[in-house]
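Fold and contact review
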Amino acid sequence: RASNGPCPLISQDWPALPSGALAYDASTDELWYATGDGSTGATTYTGDGVWVASHATGSPNWTHVNVGDPAPGQANTREHLFDGAVIQQIRFDKTGSWAYVPTSYGVWRHSTSDLSAHWKPVFVPAPDALPTSASTGTGSTSNYTTDVAIDPNDGNHVVVAYGWVVGGSANGWY
């Protein structure tokens, strides 16, 4: 906003969290904030998922959107889907109906009109490697995605950049 003074801190009461991505959805007038470093390395810190700020009341009203449907082959929903994840980007489809996030747990999408809805798996090649309430999984590198491009004519068609930084036979675009 235009101002003669400093802008207000909108995350004042939050714990310190690493930031992976920030995106504004003009169709809903919401700010989407993904936690967890948006890069990899020895000093990468994970986050606690995605937060959405609605501005209907003038000041931000933050909602933690953190429940996910089961990935293929999994039986249960995950209440803290992105705890311990790295989130690279936030992308919206052309209609503003879906928010997509490429993460160290694969690519997931969420309704922009219903923040109480669950995240839906889009591309999770190794669901058995995801952490569960009973284990920490086999590692986030098995589902590591860095970006997603959405077909402007069909939000159900996406291209995913997949693979761990040190290489692998499955690395590529899907």
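Conventions adopted
- All chains use their own residue numbering, which begins from 1 and follows the written sequence.
- Totals for whole chains, interfaces and linings use every residue, but because this is a predicted model, local features are given only for residues with pLDDT of at least 70 and side-chain atom pairs only at 80 or more, for both listing and counting.
- By convention in this description, side-chain values take in all heavy atoms of the structure and omit both hydrogens and water.
- Secondary structure elements follow DSSP: runs of H or I no shorter than four residues count as helices, runs of E no shorter than two count as strands, and numbering proceeds from the N terminus.
- Whether two residues are in contact is decided by their heavy atoms, any of which lying within 4.5 Å being enough.
- Note: two strands are recorded as paired if DSSP finds a minimum of 2 bridges between them.

1. Topic: the side chain of N143
For N143, the position within the fold is in the loop between β8 (120-123) and β9 (145-150). Look past the residues within four positions of N143 in its chain and what remains in contact with it is T103, S104, Y105, G106, V124, P125, A126, P127, A129, L130 and Y162.

2. Observations concerning the sheet that holds β8
Pairing is antiparallel across the open sheet formed by four strands, whose spatial order is β5-β6-β7-β8. Edge strands, defined here as strands with exactly one partner in the open sheet, are β5 (91-92) and β8. Direction of pairing for strand β7 (residues 106-111) relative to β8: antiparallel, over a ladder of three bridges. Bridging across to β8, W108 finds its partner in P121.

3. Here we look at the sheet that holds strand β10 (residues 158-162)
Spatially, the three strands line up as an open sheet ordered β9-β10-β11, and their pairing is antiparallel. In this open sheet, the two edge strands, each paired with only one partner strand, are β9 and β11 (172-173). Judged from the five bridges that link them, β9 and β10 form a sheet pairing that is antiparallel. Bridge pairing in β10 links A149 to V159.

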